[in-house]
Amino acid sequence: QVQLVESGGGLVQPGGSLRLACAASDSMSGFDLVGWYRRRPGKERELVATILSRFGTNYAESVKGRFTTTRDNGENTLFLQKNALKTEDTTVYYCYAQTHDPFGQYWGPGTQVTVSY
């Protein structure tokens, strides 16, 4: 059973930065896909940033150029560097991982990010 836990959320002013981290119980090399999702009030759940083993990274249009996700396999950790934050980025961010041998989908409990003066 894969366990994920996010950290690094908090309060930041518009234009500021945060770095989120997701610690996994298993090696990142065993995941077919890892990444970040969010669901803002009144909106559908959306992909923020993902890393696919075979296809590279993928970002939501709303965060391109501002967010960057990286994976540290040795530490079983996924990062999300968030720059130039906007108030619309305020929500809970969730770490996600998918395996295929056997198939599984796993979510962390989330970390709150609030962008406000």
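Residues numbered from 1 in each chain as written. Predicted model: local features only at pLDDT ≥ 70, side-chain atom pairs only at ≥ 80, totals over all residues. Heavy atoms only, no water.

Caption draft 1: Summary view of the overall build of the chain. The number of helices and strands found in the chain is zero helices and 11 strands. The N-to-C order of helical and strand elements in the chain reads β-β-β-β-β-β-β-β-β-β-β. The C-alpha radius of gyration computed for the chain amounts to 14 Å, which stays within 12% of the reference 13 Å derived for 117 residues, consistent with globular compactness. Each of the three principal axes of the chain carries a C-alpha extent, and together these read 45 × 25 × 25 Å. Here the contacts in the chain between residues at least 6 apart in sequence split such that 53% fall between residues at least 24 apart. One finds the centroid of the 12 positive side-chain charges in the chain at a distance of 7 Å from the centroid of its 11 negative side-chain charges. (Helix = DSSP H or I, 4+ residues; strand = E, 2+ residues; numbered from the N terminus. Rg over C-alpha atoms; globule rule 2.2 N^0.38 Å. Contact = heavy atoms within 4.5 Å. Lys, Arg positive; Asp, Glu negative; His and termini not counted. Charge placed at Lys NZ, Arg CZ, Asp CG, Glu CD.)

Caption draft 2: A look at the packing of aromatic side chains. Scanning the model with the defined rule gives three aromatic pairs in all. Note on Tyr37 and Tyr96: the rings are 5.4 Å apart at their centroids and 75° apart in plane angle, and the pair reads as edge-to-face. In this pair, Tyr37 sits in strand β4 (residues 33-38) while Tyr96 sits in strand β9 (residues 91-100), placing the two residues 59 residues apart along the sequence. Residue classification places Tyr37 among the buried residues on the basis of a relative accessible area of 15%. Taking the centre distance of 4.6 Å and the plane angle of 55° together, the rings of Tyr96 and Trp107 count as tilted. Taken together, the residues Tyr96 in strand β9 and Trp107 in strand β10 (residues 103-107) connect sequence positions 11 residues apart. Given the relative accessible area of 35%, Trp107 is considered partly exposed. (Phe/Tyr/Trp six-rings, centres within 6.5 Å; stacked < 30°, edge-to-face > 60°. Buried < 20%, exposed > 50% of the residue type's maximum accessible area, 1.4 Å probe, protein only.)

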